[in-house]
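Letter by letter, the chains look like this.
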Amino acid sequence: MVPLKRRKLVPSHAGNTGTNLSGEKVPAKFPQVVLFLLERKMGASRRAFLSQLGRKKGFQVEEMLSKSVTHLISENNSGAEVRAWLDSQDQKPAHLLDISWYTESMREGHPVEILDRHKLQDQRINEAEVEVFSVPSYACQRRTTLDNHNTTLTDALSLLAENAELSDEEGRGVAFRRAAAVLKALPKPVTSMSQLRGLPCLGEHSLRVVKDILENGASSEAESTKQSGRYNALKALTGIFGVGAKTADRWIREGIRSLQQLQDSGQTLNRAQQAGLEHYDDINQPVTKAEADAIGEIVERAVVSVLPGAQMSLIGGFRRGKLTGHDVDFLITHPEEGREVGLMPKVVARLESQKTTRNSYLESNDGPARPASNIDRFERCFSIFKLAKEEKRGATQPETLTENGVQILQTKPARHKPWRAVRVDLVVSPISQFAFALLGWTGSKLFERELRRWAGHEKAMSLSSHALYDNKQISESDVGGGDICTSWFGVHPTVREERLTRLLSPYRRTKRSPI
Ligand code: UTP
Ligand code: MN
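Here's what I pulled together on the structure shown here. (Residues numbered from 1 in each chain as written. Chains lettered and ligands numbered in written order. Predicted model: local features only at pLDDT ≥ 70, side-chain atom pairs only at ≥ 80, totals over all residues. Heavy atoms only, no water.)

1. Observations concerning helix 18 (residues 445-459)
Across its 15 residues, helix 18 extends 20 Å between first and last C-alpha, which sits within 8% of the 21 Å expected from 1.5 Å per residue. Listing the buried residues of helix 18 in full gives Leu446, Glu448, Glu450, Leu451, Arg452 and Ala455. In this structure, the buried side of helix 18 is in contact with helix 5 (170-184), helix 17 (434-440) and strand 14 (461-463). Count one or two residues on from helix 18 and you reach Ala460, which has phi positive near 55°. (Helix = DSSP H or I, 4+ residues; strand = E, 2+ residues; numbered from the N terminus. Expected span 1.5 Å × (residues − 1). Buried < 20%, exposed > 50% of the residue type's maximum accessible area, 1.4 Å probe, protein only. Contact = heavy atoms within 4.5 Å.)

2. Let's talk about the packing of helix 5 against helix 18
For any two helices packed against each other, one specifies the inter-axial angle together with the distance between the axes. Look at helix 5 against helix 18: their axes get within 11 Å of each other, and the N-to-C directions meet at 95°. In this view, helix 5 runs roughly perpendicular relative to helix 18, as classed from their interaxial angle. Of helix 18, the residues touching helix 5 (which contributes Glu170, Val174, Arg177, Arg178 and Ala181) are Leu446, Arg449, Glu450 and Arg453. Here the residues of the contact of helix 5 with helix 18 are counted per class, giving three nonpolar, no polar and six charged. (Axes fitted to C-alpha atoms, helices over the stretch in contact; angles between N-to-C directions. Parallel < 35°, antiparallel > 145°, perpendicular 65-115°, else oblique. Nonpolar A, V, L, I, M, F, W, Y, C, P; charged D, E, K, R; others polar.)

3. Thoughts on the packing of aromatic side chains
The final tally for this structure, using the stated rule, is two aromatic pairs. Taking 4.8 Å as the distance between ring centres and 45° as the angle between the ring planes, the aromatic pair formed by Phe30 and Phe59 counts as tilted. Of this pair, Phe30 sits in the loop between strand 2 (25-27) and strand 3 (34-37) while Phe59 sits in the loop between helix 1 (44-56) and strand 4 (60-62); the two residues are 29 residues apart in sequence, bridging distant segments of the chain. Consider the rings of Phe36 and Trp85, whose centres lie 6.2 Å apart with planes at 10°: the pair is stacked. Remark: Trp85 occurs in helix 2 (residues 79-87) and Phe36 occurs in strand 3; sequence separation between them is 49 residues. When its relative accessible area of 17% is taken as the criterion, Trp85 is described as buried. The ring of Trp419 has Lys386 sitting right over it, with the charged end atom 5.2 Å from the ring centre. Positioned over the ring face of Trp419 is Lys417, at 4.3 Å from the centre of the ring. (Phe/Tyr/Trp six-rings, centres within 6.5 Å; stacked < 30°, edge-to-face > 60°. Lys NZ or Arg CZ within 6 Å of the ring centre and 35° of its normal.)

4. Considerations on the sheet that holds strand 5 (residues 71-74)
Taken in spatial order, the four strands make up an open sheet running 4-3-5-6, and their pairing is parallel. Each end of this open sheet is capped by a strand with a single partner; those strands are strand 4 and strand 6 (95-98). This sheet shows a mean twist of 35° between the axes of neighbouring strands, independent of strand direction. Two strands pair when backbone bridges link them, and strand 3 and strand 5 are joined in this way by three bridges, in the parallel orientation. Within strand 5, the position partnered with Phe36 by the bridge is Leu72. Contacting strand 3 and strand 4, helix 1 crosses the sheet at an angle of about 150° to strand 4. Along the sheet, helix 3 (residues 99-108) contacts strand 3, strand 4, strand 5 and strand 6; its crossing angle with strand 6, the most-contacted strand, is approximately 80°. (Pairing = 2+ DSSP bridges.)

Now the structure itself:
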């Protein structure tokens, strides 16, 4: 090591001193420039080496970030990352620079002019210039396009939401879904925590996840969840059609963590679950829009053949413009009220006679476990549809697909199968409730939840997939007996919705008509 030339200490320059290699204070050669090297991604030893090099050249390089630091030097960090880190430090150096400025200055022996290429990208540290986002608090009041500028953040939050839902923690699940929905609605990527100030639905936990990602590139909680045995077991088991979180949890407690272990365990599976296991890979492969359209044509033909004039609409995620989905959802109605009664079993029988559906589950019979929150009273059918593979489509009529397809699946590799299994969800509504059904089944689940919450809290109205009612017009006598509740407004929301649904049932005439 080459010792630095001793310089006399000048007390008036006390604020602008550097530290020489022997730890002594020396006046800085460039008093206007106080440097701080960010250790993040640079590493402690490289930082120590570069700091010493700077001091040797007469630069003032601080160990700690303080108010006096004018230039922050970073290596391999983006401007966004550095600014996110600074947010947690409460310090704002005037210049955020790349290591290139530092090495060039070292080479020149003095601070070189700061050029654009030296500045960390998107280097706006002035708080006033950082775009602070603002969105309305209910998801249904926001315009959210399919363009998500914050996928890293929303993927992590959605994963945590999914984990909470699979663990039967609905409240936590909704909180994470709400937070993800807010971030999905933002017009640009989030680069700094300060941009999120004042945004609704971002609780302490969600903010912690966002901060972790902005600072470290990933959420440690989401990453460890992804690795966790329990999450993976829940995901594998609930991937079986007809298996919900509760069943999966019971099996896990019995030591079953994989499909193989389930098969080996000899557990009795219901009809839906057996089919779910049989078509596991197909069902867990996303459905494309083209496949949804192809299924739509087949279902529509069946619907019209059993009830001429019946109309069918694509609902669910595909109606929202999504390019893939986990199933395909259709809403069926007839322009003449009442003609739709009894339609579903006929449609299902027609599709089964064509061998286009592998298994159908009319809701009233043996459908897979339904979420307790579902209170819709429409005729509904879940089925596993046999869709001819694209090259076969058109050439092969669905009628020609026989049960043999299933045997092929069992004896030969899946790629030889001429069709794939797709989950299809059918709903029938009377035309008088069609608008509400269309709105209610378009989703997303969170959007529907928020729309109903908004209607209730902000407009004093009750919205369901059947009707929209003005709460002020509904009297206690309409709602039914006072056994559980004493007044309409004091009723637990679930009970109220159930009663409202009963009230709106096509089988019970009420004096009030929907809005
Ligand atoms: P999906 O579960 O099919 O969701 O329900 P999705 O939005 O289409 O997404 P993917 O692509 O299939 O995963 C469709 C909509 O139907 C309503 C909800 O509004 C949901 O968003 N729905 C679904 C109900 O009202 N009740 C239910 O039991 C299920
Ligand atoms: Mn769907």
